[in-house]
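# Reading the structure
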Amino acid sequence: MPHVMLLGILRSCSRFCNPFLLLYYMKKKGSIEKQFHRWGGLVLCFFLIAFSLSGILLNHREPIASLDLSRSLLPSSYHVDGWTQGAAVGSTALSGDSILLYGGEGVWLTKDGGEYFSRLMEGLPSGADRYQMRRILHSHRNGTFALSQDALYRWQGKEWQEMPLPLKERLSDLALQGDSLVVMGRSHLFVLQLPYQQFSTLTLPESPGVSPHRATLFRTLWALHSGELFHLLGRLLVDALGFIMLLLSISGVIIFVYPRWMKKMQKRVRAARRARVKARTHRLQRSLKRQYQLHLLLGYWLFIPLLVLVVSGMFLRPPLLVAVAKVKVPTIPTTALHSANNPWHDALRRLAYVPERQEWILSTSEGIFRCKRLGLPLEKIENTPPVSVMGASVFEVASDNPHALLVGSFMGFFHWDLESGAILDLYTGKSPAPQGVMPIGDHKVSGYSSHLGGKKGVAFEYDVPCHEISQPKEMGRGRISLFHTMLELHTGRLYVFLGPLGILWIFVSGSMILWLLISGFRRARKQMRKRRSRAKN
């Protein structure tokens, strides 16, 4: 039976080889809307199943954080080649010639300027998703500290040991000011006076000129699409919608294939065991009817929630992303994006302390700010380097100018003089070019090391190999987290065969799914009205 169903699907899909033949067939068999729902649904069913399963897994990052896959199972563009794929985001110097290089592939130690690297991940939890490092800092007086996206670690001579924080939230950056260790979360700062072990929690005050309780429309749609906007209940509801989409896809394929399969089966065995064939056919017909009713009812009654789910997802990728990336909207009370007591809820991204100026520079979703002491109101800086919607990947004091910052993101790499306000594109040597429509630049900078690659250091790009330093052989086809893999599948980036058009995949597939939902709803409503009229008569 399975191989017969598969042959039927392949034979049916062959009609799409010629679009003119397809349109002729649609007009011949009925309305284009009706035939698109059947044939378009058949083509989209694989992608709908992929969207559903990956979306459900993405909604539960913690349970799958320890699971990962070999990169050899993925296209070659996902192999780490010259520290690509965010494998390196920064470095820190230890005593002597020892340098730590860290990033998405964990922590690596070199003692010869980048010729040979050895792992330094003893004590870190298993799973590629857990050992992605955001920042590592070393102090001769207080030791070495490492920050991942969900934990803070301290090197204890032989292994990393986790340091507990007062609150559980996603972490974004780490800084040292004398004996003060500052951990930046997405909503709070955690300050530790070394050598003590007790952190204090700092909530930044409201700043003049910044409207509290506002978020970008992009962030709001992201939270709505994942269900995070309405906390755990919202995530579970979105999980249920993903499961419903999965059922609609599977039941649609069954409805499409079963009638053809039953007709062929009847012709082949009509001569023998006629009574048994009849009974079996009746059972299949009842099963088909149940599948059809389930398909009809789910698509009809859940049309609006499914519509919202699809539309919100379409706005999270280009080209619709451009329209919502910088638009600010008020946060809704009681939702995950709103906090009555914290004007910087889920807004903090990066920070750096500039000793020569004795001030803090903070990158947030509201822009870049400064202050002389943490806890004072932040002052917004108007003229700043461009930063992509995904945030800054490099945010540190320049080694050649103690009054300047290096700021890197998927928008490029920039030298920012805090004294004069001058901004220099480090790739062109000129002022930054005007930002285009797309929120991404020519150079997708994922990290920078001032300790390797000579006096100028070395910048790492997400998709361009770095040849200034060597890469450990075992890293090339190493491990990639299941979460990251599902994210690439859900966003369509995993479909590398689409080439440059892959960036538009979410918009194209989303538009087709919208038409699929609308055509299905119209057909279901028509069937419902027919049933009601028959019941009245």
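A few points on the structure. All of these numbers come straight from a predicted model, not from anything done at the bench. The residue count restarts for each chain, going from 1 along the sequence in the order it is written. Thresholds applied to this predicted model are a pLDDT of at least 70 for local features of residues and 80 or more for the giving and counting of side-chain atom pairs; totals over whole chains, interfaces and linings are not thresholded and use all residues. Hydrogens and water are ignored here; the side-chain numbers use all heavy atoms of the structure.

### Observations concerning the pattern of salt bridges
Here is the rule we go by: The salt bridge criterion pairs a side-chain nitrogen of Lys or Arg with a carboxyl oxygen of Asp or Glu, the two atoms within 4 Å. Note on conventions: DSSP H or I runs of at least 4 residues are helices, E runs of at least 2 residues are strands, and numbering of each starts at the N terminus. Partly exposed residues are those whose accessible area sits between 20% and 50% of the maximum for their type, while under 20% is buried and over 50% is exposed, using a 1.4 Å probe and protein chains only.
Summed over the entire model, instances satisfying the criterion amount to 18 salt bridges. Arg357 is the salt-bridge partner of Glu419, the closest N and O atoms lying 3.0 Å from each other. Pair noted here: Glu419 is in the loop between β22 (412-417) and β23 (423-425) and Arg357 is in the loop between β16 (348-354) and β17 (359-364), with a separation of 62 residues, a long-range link. Among the residues examined, Glu419 registers a relative accessible area of 52% and is labelled exposed.

### Re the packing of aromatic side chains
Two numbers describe a pair of aromatic rings. These are the distance of the centres and the angle of the planes. Convention followed: Each pair of aromatic rings taken from Phe, Tyr and Trp, with Trp reduced to its six-membered ring, is defined by centres within 6.5 Å and is described as stacked if the planes are under 30 degrees apart, edge-to-face if over 60, and tilted in the remaining cases.
In total, this model carries 17 aromatic pairs according to the counting rule given. Ring centres of Trp155 and Trp160 lie 5.2 Å apart, and the angle between their planes is 65 degrees; this geometry places the pair in the edge-to-face category. Residue classification places Trp155 among the partly exposed residues on the basis of a relative accessible area of 23%. The exposure class of Trp160 is buried, given its relative accessible area of 3%. Ring pairs connect the aromatic residues Phe46, Phe47, Tyr495, Phe497 and Trp505, which therefore count as one cluster.

### Some words on the environment of Leu67
As a reminder of what qualifies: In this analysis, two residues are considered to be in contact whenever any of their non-hydrogen atoms come within 4.5 Å of each other.
Within the secondary structure, Leu67 sits in the loop between α3 (32-58) and β1 (68-70). When the C-alpha atoms of Leu67 and Gly127 are compared, they prove to be 5.6 Å apart, with 60 residues separating the residues in sequence. Excluding anything up to four places from it in sequence, Leu67 contacts Ser481 and Leu482.

### Observations concerning the packing of helix α7 (residues 303-314) against helix α10 (residues 505-536)
What describes two packed helices is the angle between their axes and the distance between those same axes. What counts is decided by this rule: Helix axes are fitted to C-alpha atoms over the stretch in contact, other axes to C-alpha atoms as well, and angles between N-to-C directions run from 0 to 180 degrees. Small angles under 35 degrees read as roughly parallel and large ones over 145 as roughly antiparallel, with 65 to 115 read as roughly perpendicular and the rest as oblique. If you view the pair so one helix is near and one far, a crossing is left-handed when the near helix is turned anticlockwise from the far one by less than a right angle, and right-handed when it is turned clockwise. Each residue is assigned to one of three groups, with Ala, Val, Leu, Ile, Met, Phe, Trp, Tyr, Cys and Pro labelled nonpolar, Asp, Glu, Lys and Arg labelled charged, and all others, Gly among them, labelled polar.
One can describe the packing of α7 onto α10 by two numbers: an axis separation of 9 Å at closest approach and a directional angle of 165 degrees. Taken together, α7 and α10 sit at an angle that is classed as roughly antiparallel. Relative to α10, α7 is oriented so that their crossing is left-handed. On α10, the residues that touch Phe303, Leu306, Leu307, Val310, Val311, Gly313 and Met314 of α7 are Ile506, Phe507, Gly510, Ser511, Ile513, Leu514, Leu517, Ile518 and Phe521. Of the residues that constitute the contact of α7 with α10, the class distribution is 13 nonpolar, 3 polar and no charged.

### Quick look at the environment of Ala459
Tracing the backbone shows Ala459 in strand β25 (residues 458-461). Counting along the chain gives 11 residues from Ala459 to Tyr448, while the straight-line C-alpha distance between them is 4.3 Å. Contact partners of Ala459, with chain neighbours within four places excluded, come to Phe413, Tyr427, Gly447 and Tyr448.

### Some remarks on the nonpolar core
Note the threshold: As used in this record, nonpolar core signifies buried Ala, Val, Leu, Ile, Met, Phe, Trp, Tyr and Cys residues forming a set joined through side-chain atoms within 4.5 Å.
Core analysis: the biggest nonpolar cluster contains 39 residues, and Val310 and Ile513 have the highest contact counts within it. Of all the secondary-structure elements, those providing two or more residues to this core are α3, α5 (231-269), α6 (274-301), α7, α9 (482-491) and α10. A total of 9 residues in this core trace back to one element, the largest contributor, which is α10. Val310 has contacts with Met245, Gly510, Ile513, Leu514 and Leu517, leaving out every residue within four places of it along the chain. Formed by 18 residues, the second largest nonpolar core is a distinct cluster that contains Met184, Leu189, Val210 and Leu378.

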